[in-house]
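Summary of the model geometry
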Amino acid sequence: MIHPKLTLVGAGPGAADLITLRGIKAIAEADVILYDALIDDSLLSYAKPEAIKQFAGKKFGCTSLSQEEINELIVKYALEKGHVVRLKGGDPFVFGRATEEIDMARAYGIEVEVVPGISSSIAVPASQMIPVTSRGISESFWVTTGTTKTGEVSKNITLAAQSTATVVILMAMSKLTEIVQIFTENGRGETPMMIVQEGCTPNEKYVIGTVNDIAPKAQAAGLGNPAVIVIGEVVGLHVEYAGRIANKYAKVKQK
């Protein structure tokens, strides 16, 4: 007898070994795996040989499924095959459209479980030894998307730029110029800023600087999505940034 079930699994920020044990267990039990673009494909090796594995993400230059089509696939496979794992990068509840998939499954009486994952919003800065909070430097942090459903820059970025919090922005490289402008207009031009592309993977690349000079640095380095943008005084704790400041003061002292 088929028992329809949907498990949303967070695969973590990139590296295969940053998924949870519970996530691996769900993959191993799944009859169907619908996986996104930002997961490590080696995670699929934990699946049963007979399990259906279907790509359901978005890649540049490739035809991708709409969210409505993914929702329909979840219901179809759950009712026909049983246990569907929706394997998502990072955490399912951080810009993962999880609510839409859960609502659709529940509408058909399908059992739903969520396995949290390590979010890139925290893990990618951490991979560069940057804490999102640090006593005496930053007591809070914002996590926001760079682009809203309408394609505009999120208004939350303007609010975040007016705070002293660490600001982490996801899916935002196409809006980098506008983001820099917002922070500059709010008197944050000298604030340390970092962009990390493909964080927590062997292909990780980054640039570091300030709001004022980060855009040309990112362009020169050829950075693009997927990337995490981090803005705030905590970026100054990065070894490269701190070393540059230390060298600057050393030269001044010598004079």
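The structure contained in this document is the topic of the report that follows. Keep in mind it's a predicted model, so treat the numbers as computed, not measured.

Considerations on the pattern of salt bridges
- Inspection of every chain in the model, using the stated rule, returns 8 salt bridges.
- With a closest N to O distance of 3.0 Å, D31 and K48 form a salt bridge. Of the two residues, D31 sits in the loop between α1 (21-29) and β2 (32-35) while K48 sits in the loop between β2 and β3 (52-55), which places them 17 residues apart along the sequence.
- A relative accessible area of 24% means that K48 is categorised as partly exposed.
- Across the salt bridge formed by E178 and K175, the nearest N and O atoms sit 4.0 Å from each other.
- Among the residues examined, E178 registers a relative accessible area of 37% and is labelled partly exposed.

Considerations on the environment of G199
- Within the fold, G199 resides in the loop between β8 (192-197) and β9 (205-210).
- Beyond its immediate chain neighbours, meaning those up to four positions away, G199 contacts P13, G14, V124 and E204.

Overview of the packing of aromatic side chains
- Counted under the stated rule, the structure contains 1 aromatic pair.
- When the ring centre of Y77 is taken as origin, the NZ or CZ atom of K76, which lies over that ring, is 4.9 Å away.

Regarding unusual backbone geometry
- A cis amide bond, omega 0°, links N225 with the succeeding residue P226.
- Structurally, P226 can be placed in the loop between α7 (214-221) and β10 (227-231).
- Phi angles above zero are rare outside glycine, and R97 is one such case at about 55°.
- Among the secondary structure elements, R97 is positioned in the loop between β4 (83-88) and α3 (98-107).
- The class of R97 is partly exposed, set by a relative accessible area of 44%.
- Its identity is not glycine, yet M171 carries a phi of approximately 50°, on the positive side.
- As for its position among the elements, M171 is in the loop between β7 (166-170) and α6 (176-185).
- Judged by its relative accessible area of 44%, M171 is partly exposed.

Description of the sheet that holds strand β6 (residues 141-145)
- The 5 strands lie next to each other as β6-β7-β10-β8-β9, forming an open sheet whose pairing is mixed. Every interior strand has two partners, whereas the edge strands, β6 and β9, have only one. Averaged over all pairs of adjacent strands, the angle between their axes in this sheet comes to 15°, without regard to strand direction.
- Sheet analysis places β8 next to β9, joined by 6 bridges and oriented antiparallel.

Let's talk about the pairing of strand β1 (residues 5-10)
- Counting buried residues in β1 gives 6 out of 6 residues, a clear majority hidden from the surface.
- Burial of the side chains of β1 extends over both faces: K5, T7 and V9 are buried on one face and L6, L8 and G10 on the other.
- Note: β1 against β4, 6 bridges, orientation parallel. Within β4, the position partnered with K5 by the bridge is H83.

Definitions and cut-offs
- Residues numbered from 1 in each chain as written.
- Predicted model: local features only at pLDDT ≥ 70, side-chain atom pairs only at ≥ 80, totals over all residues.
- Heavy atoms only, no water.
- Salt bridge = Lys/Arg side-chain N within 4 Å of Asp/Glu carboxyl O.
- Helix = DSSP H or I, 4+ residues; strand = E, 2+ residues; numbered from the N terminus.
- Buried < 20%, exposed > 50% of the residue type's maximum accessible area, 1.4 Å probe, protein only.
- Contact = heavy atoms within 4.5 Å.
- Phe/Tyr/Trp six-rings, centres within 6.5 Å; stacked < 30°, edge-to-face > 60°.
- Lys NZ or Arg CZ within 6 Å of the ring centre and 35° of its normal.
- Pairing = 2+ DSSP bridges.
- Axes fitted to C-alpha atoms, helices over the stretch in contact; angles between N-to-C directions.

Interpretation note: all reported values are geometric properties and have no functional meaning in isolation.
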